[in-house]
Every structure is written in C-alpha cells, then in structure tokens.
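A closer look at the structure
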Amino acid sequence: MDTVKQYIEQNKDRFLNELLELLRIPSVSADSKYTGDVAKAADMVATRLKEAGADNVEICTTPGHPIVYGEKFLDASLPTIMVYGHYDVQPADPLNLWDSPPFDPVIKDDKIYARGSADDKGQMYMHVKAFEYMFKESKLPCNVKFLIEGEEEVGSSNLTDFCIANKEKLKCDLVLISDTSMIGNEIPSLDVGLRGLSYVEVEVTGPNRDLHSGVYGGAVGNPINILAKMIAQMHDENNHITIPGFYDDVLVLTDEEKAELNKAPFDIEEYKKDLDVGDVWGEKGYTVLERTGTRPTLDVNGIWGGYIGEGSKTVLPSKAFAKISMRLVPGQSSDKATELFTNYFKSIAPASVKVEVRAHHGGEPVLTPTNSTAFLAAAKAMETTFGKRPIPTRGGGSIPIVAMFEKVLAAKSVLMGFGLDSDAIHSPNEHYGLFNYYKGIETIPYFYKYYVEMSK
Ligand code: BES
Ligand code: MN
Ligand code: MN
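Note that the structure is predicted; figures quoted are calculated from it, not measured.

**Some points on the coordination of the manganese ion (ligand 3)**
Bound to the manganese ion (ligand 3) are the protein donor atoms D119 (OD), E153 (OE), E153 (OE) and H426 (NE2), situated 2.1 to 2.6 Å from the metal. In this structure, the manganese ion (ligand 3) is coordinated by six donor atoms arranged in irregular fashion, with angles at the metal of 55 to 155°. Written as a sequence motif, the donor residues of the manganese ion (ligand 3) are D-x33-E-x272-H. Between the manganese ion (ligand 3) and the manganese ion (ligand 2) the interatomic distance comes to 3.6 Å, and D119 is a ligand of both metals. Pair noted here: E153 is in the loop between β6 (143-149) and α4 (157-165) and H426 is in the loop between β19 (419-420) and β20 (431-433), with a separation of 273 residues, a long-range link. With a relative accessible area of 13%, E153 lands in the buried category.

See the structure below:
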C-alpha cells in the first residue's frame, strides 16, 4: 500500500491538471444559464471514470441535471462501497470579490483557487484518482459504485427519486463521502453529524401598490418595517428561537457528550480574528462548537423590497421578501419545522399586512455511528496517513441525501472530508489545499483496505 505515495508522485501533475480542467467548467446548478456547462461537467466526470477503469458508466438524465453512475464489480462475496459526491457548484457571485476569476483556477500558496475546488469537485475527484490507483495497480479490495450528482447545491430532489427508482442498482454496504471539513491539516477529524435544513421564502404584502411615503407614511403599514420586526421577534433576548414547539424534538446532549464535543481544539480568539468580528453570537448557555454542531438556527439569507437604486426615492413599498433558513439537528424534521415556522409567522403578522410562506427544498439531520466498522476503518485510514487519530466532530452544514440514503437504501455513510472550514466554500476565493487533495487520494485506498479487512 505504500505504493500509493509512489503512484501519486508519478502522476501528480496529471492528477492536478485533470482537476483544473473540471474546475474550468462553470457547473452552477442553481442558474439555468449554466445548464449546458453542468452537462459538460457530467460528461467529463463520466469520461474520467471510464479512463480510471470503471464499468457501466452512464450519464443518467433526470428532470434536472444528470447523475453520473459507474461501477466496478469484483465478486458478490465482497463488500460494496458506494462513493457519493457532487460535480455541481454554488453560484460564484459576488464576482468582484474574487482575486482571480472563479472558473479560471490558479495555484497560489499551494492552494487551488476556484469555485468548487473544495466543494465538492476537488474532494469528489480524489475518489476517482484513488480508484484509478487501486484498479491499475490491482489493489482494489472490493466492489465499488460511483454516484456523482449535479444537484447537491439545489437540494438533490431528483437524486432522491433516482434512489427510490434504483434501489437494487445502488445496493451497497456503505456510502463513502468526502464533502465535509477537518479541524486542520495537523488535526484530522471525521464528521459524525450533519444538520438538516428547512428553507422558506416569505412574502409580506401591505398596500396594493407602492405609495408616496409622505402622503401615506405613518398611516399605512410598511411591509419592510413589519417584516424586519417579525424577523427580529423570532429570537428572544437569549437568542433562543421563539417559534412555539421548535425545540420540542431536539435531541439534548448528555454532559459526557458535551464534554467530548468540547474536547476538539477550538480557539475562540482566532475564530473571531479570522472573521473580523468583535464577538461571537448565539444561543445563551452553549459553546460555539455546541451551537454549530448540535443546536438549530434560524437565519435570514436574503431580504429585499422597496427602492435600492441610486440616490433616494420616497416610497412606502407594497411588498417585502426574505429567504429564511433553519438548520435542524437530530430529532427535528424538516417538514415539521417548516410547518411550525409557517404557523408562527402567520400568527405574528399584524392585520395591516398579508403574508405568504413558500417552502423550498429541505433535508433531514443525521448522526453517523462512531462504533461501526466503517467509522473505525476511516479513523484508521486517517491515522495511517496523518499520523494522528482523527477527532470525531459535528459539522454544521447539510448534505440532505445522507439521511435519504439511510431511509431509501438502508445504507449508512462515512463522512471522510478533507477540506477546511477556512476553504471559503460558497464564498469568494474558494480554495482547496494541494496537501488536502493529495492527502485525500493517499488516504482513500487505506479506507478500502481496512474496511474490507475489518468487515471479514
Ligand atoms: N458540502 C456542503 C455541506 C457541508 C460543508 C457539510 C461543510 C459540512 C461541512 C454541501 O455542498 C452544502 O453546501 N450543502 C448545503 C445544503 C443544500 C441543501 C443547499 C448547505 O449546507 O447549505
Ligand atoms: Mn458539498
Ligand atoms: Mn455546498
């Protein structure tokens, strides 16, 4: 297995250039302007999978963006690992905040700067290259399936349908995913939890048309003022969410679990400095790691209405809008959170406005076991290549399909991510370390090896 390092060394430049080529395709799933590019990225992933040695590679069309599937079947008596990843990326804007164009990758300070470099093209592609090594060097110890989608960043709803329709095809013992982050390059960690998500858009309507803010101001409810007040009302003075019943199903951590979670290295001063904030913010009585890993949130993602053009226009607008997300934790359900939000939002609206709540995609929270063969194999693989045992952590982000894999395919996932929180995913200047890219490729074959050995 030490031959993996040698194989990487010999193929280093090609491994990098292939990733750069994939990063040049603006596969933004949220924006229909890029539909053709999303398809191009799917094509490239399929081609590379074939070249690496995968069989039955298909580009499966869906009502949305395509799903790339490929496999290598060795023997029915061997375990089957399913690799999941996504080749779609978040929109790159605001473009003016990038130091180099988002789809023209550059290497600076040993990092690849490009949209999707860390989330998730770089991390997904490590699996293709690790597979190439195992296949070409006759080191593949089990069956493998690849399921690489193009709609993770928009909620994976077509992949959900695809899983339901293809249960037999996707049958596996375990799903292996690199789409999360570690604490640091010297502090490897493994995510054991993901938050769920409820995402809504609200529309608040006041008068039936925009009004002169002098002629009517003071006598007619301003939907933007009212929306702002309604949003402010959704947290109390302890930054606890005020929606009745919202916390009812939240799984409360035991003191031991809390102590374990807070053992992870975390420097609050560094955290504040990195973000340039005077203080952290959050629910009273919880540490930062507890807040992001184990507590639900309610955040406005965008708010608009009225006049935002140059100069000033004296207007009392007819409408105000906001996009609001709730991150959910184990115990909570996305549909229930959406319903509780909707009822409460309507109940606090004054009679001077009408409100509408529209639900977007959601996802369920997950906790992955820490005593499973898969988790132990992942920990051992990271220990082998990092020289340190990874720390179990709870990530604050969401990968909705993970809970779906459990429900539909009865398959648990291992979240072996190699990114860093500082990679600026979803932000301008997203980057992925060359160290992380090659370390991932090196670690993955050990996971296969240990997982198969430990499954016997
Ligand atoms: N890879 C992220 C999720 C993630 C990042 C988990 C870092 C843990 C640590 C994924 O691509 C993502 O961004 N998911 C979305 C959810 C989706 C429904 C848009 C998210 O978390 O906002
Ligand atoms: Mn991702
Ligand atoms: Mn993402």
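Don't stop here, the text continues.
**Quick notes on the pattern of salt bridges**
Taken as a whole and judged by the stated rule, the model has 23 salt bridges. Residue K336 pairs with D249 through a salt bridge whose shortest N-O separation is 2.9 Å. One end of the pair, K336, is in helix α9 (residues 334-347); the other, D249, is in the loop between α5 (223-232) and α6 (255-261), with 87 residues separating them in the sequence. Residue classification places D249 among the partly exposed residues on the basis of a relative accessible area of 32%.

**Examining the sheet that holds strand β14 (residues 319-328)**
Strand order in the open sheet formed by four strands is β12-β14-β10-β15, and the pairing between neighbours is antiparallel. Two strands lie at the open edges of the sheet, namely β12 (297-305) and β15 (354-363), each paired on one side alone. Averaged over all pairs of adjacent strands, the angle between strand axes in this sheet comes to 20°, irrespective of strand direction. Relative to β15, strand β10 (residues 196-205) runs antiparallel, the two being bridged by eight bridges. Of the residues in β15, the one forming a bridge with L197 is G363. With respect to the sheet, α5 is in contact with β10, β12, β14 and β15, its orientation differing from that of β14 by roughly 15°.

**Some remarks on the state of the cysteines**
Note on terminology: a disulfide is the covalent bond linking the sulfur atoms of two cysteines. One pass over the full model with this rule turns up zero disulfides. The thiol of C142 is not disulfide-bonded; the next cysteine sulfur, from C172, is found 11 Å away. Of all cysteine sulfurs in the structure, the one in C163 sits closest to C172, which takes part in no disulfide; the separation is 9.2 Å.

**Brief notes about the domain arrangement of the protein chain**
Accessible area lost during the coming together of the parts is what is often quoted as the interface size. For the protein chain, the domain assignment lists domain 1 (3-194 + 365-455) and domain 2 (196-250 + 296-363). Using only C-alpha atoms to locate each centre, domain 1 and domain 2 end up separated by 36 Å. Each side of the interface is counted separately: domain 1 has 11 residues, and domain 2 has 10 residues. Across the domain 1/domain 2 interface, buried area totals approximately 690 Å², and carbon plus sulfur atoms make up 62% of it. On the domain 1 side of the contact with domain 2, P365, S398 and P400 bury the most area, a combined 60% of that side's loss. Where domain 1 touches domain 2, the interface holds zero salt bridges. At the surface where domain 1 touches domain 2, the tally comes to one residue pair in polar contact (both at pLDDT 80 or more).

**Considering the site of ligand 1**
Around ligand 1 there are 16 residues in total, and E152, D179, R327, S398 and H426 lie nearest to it. At 2.7 Å from an oxygen atom of ligand 1 is found a side-chain nitrogen or oxygen belonging to E152. In this structure, an oxygen atom belonging to ligand 1 sits 2.7 Å away from a side-chain N or O atom of R327. In terms of residue class, the shell around ligand 1 is built from five nonpolar, six polar and five charged. Both domains that meet at the shell around ligand 1, namely domain 1 (3-194 + 365-455) and domain 2 (196-250 + 296-363), each give it at least three residues.

**Considerations on the coordination of the manganese ion (ligand 2)**
The reference angle at a metal is 109.5 degrees if four donors form a tetrahedron and 90 or 180 degrees if six donors form an octahedron. In the first shell of the manganese ion (ligand 2), the protein supplies H86 (NE2), D119 (OD), D179 (OD) and D179 (OD), at 2.0 to 2.4 Å from the metal. Viewed at the metal, the six donor atoms of the manganese ion (ligand 2) are separated by angles of 57 to 166°, and the geometry they form is irregular. Ordering the donors of the manganese ion (ligand 2) by residue number gives the pattern H-x32-D-x59-D.

**As for the side chain of R48**
Checked against the element boundaries, R48 lands in helix α2 (residues 35-52). When its relative accessible area of 12% is taken as the criterion, R48 is described as buried. In terms of polar contacts, R48 uses its side chain to reach the side chain of E21, at 2.8 Å. Those residues in contact with R48 that lie beyond four places of it in its chain are E18, E21, Y125 and V128.

**Overview of the sheet that holds strand β4 (residues 106-108)**
Strand order in the open sheet made by the three strands is β4-β5-β20, with antiparallel pairing throughout. The strands lining the two open edges of the sheet, one partner per strand, are β4 and β20. Averaged over all pairs of adjacent strands, the angle between their axes in this sheet comes to 30°, without regard to strand direction. Here β4 pairs with strand β5 (residues 111-113) via three bridges, running antiparallel. What sits directly across from K108, in β5, is K111. Strands β4, β5 and β20 of the sheet are contacted by helix α12 (residues 434-455), whose axis makes an angle of about 60° with β20.

**Details of a nonpolar patch on the surface**
The grouping of F266, I268, Y271, L275 and V277 at the surface amounts to a nonpolar patch, some 390 Å² of accessible area in total. Structurally, F266 is set in the loop between α6 and α7 (268-275). On the accessibility criterion, F266 (33% relative accessible area) is partly exposed.

**Some points on the packing of aromatic side chains**
Each aromatic ring pair is specified by the distance between its two centres and by the angle formed by the two planes. Taken as a whole and judged by the stated rule, the model has 15 aromatic pairs. Both rings, one in F447 and one in Y448, keep their centres 6.5 Å apart while their planes meet at 85°; by these two values the pair is edge-to-face. Assigned by exposure class, F447 and Y448 land together as buried. A centroid spacing of 5.6 Å and a plane angle of 10° characterise the contact between F447 and Y451, whose relative ring orientation is stacked. Here Y451 and F447 lie together in helix α12, a separation of four residues that amounts to about one turn. When its relative accessible area of 0% is taken as the criterion, F447 is described as buried. An aromatic cluster is present here, built from Y7, F15 and Y133 joined pairwise through their rings. Here K12 stacks its cationic end above the ring of Y438, 5.8 Å away from the centre of that ring. Just above the ring of Y69 sits the side chain of K169; from NZ or CZ to the centre is 4.6 Å.

Calculation notes
Residues numbered from 1 in each chain as written. Chains lettered and ligands numbered in written order. Predicted model: local features only at pLDDT ≥ 70, side-chain atom pairs only at ≥ 80, totals over all residues. Heavy atoms only, no water. Donors = N, O, S within 2.8 Å, 3.2 Å for Na, K, Ca; no water. Tetrahedral: all angles 85-135°; square planar, octahedral: opposite > 155°, others 65-115°. Helix = DSSP H or I, 4+ residues; strand = E, 2+ residues; numbered from the N terminus. Buried < 20%, exposed > 50% of the residue type's maximum accessible area, 1.4 Å probe, protein only. Salt bridge = Lys/Arg side-chain N within 4 Å of Asp/Glu carboxyl O. Pairing = 2+ DSSP bridges. Axes fitted to C-alpha atoms, helices over the stretch in contact; angles between N-to-C directions. Contact = heavy atoms within 4.5 Å. Disulfide = S-S within 2.5 Å. Domains from an automatic or database assignment. Buried area = accessible area lost by both parts, 1.4 Å probe. Polar contact = N/O pair within 3.5 Å; in protein donor to acceptor, adjacent residues only side chain to side chain. Near = heavy atom within 4 Å. Nonpolar A, V, L, I, M, F, W, Y, C, P; charged D, E, K, R; others polar. Patch = residues over 30% accessible without salt bridge, like charges linked within 9 Å, V, L, I, M, F, W, Y side chains within 5 Å. Areas by Shrake-Rupley, 256 points an atom, 1.4 Å probe, with all protein chains shown as cover. Phe/Tyr/Trp six-rings, centres within 6.5 Å; stacked < 30°, edge-to-face > 60°. Lys NZ or Arg CZ within 6 Å of the ring centre and 35° of its normal.

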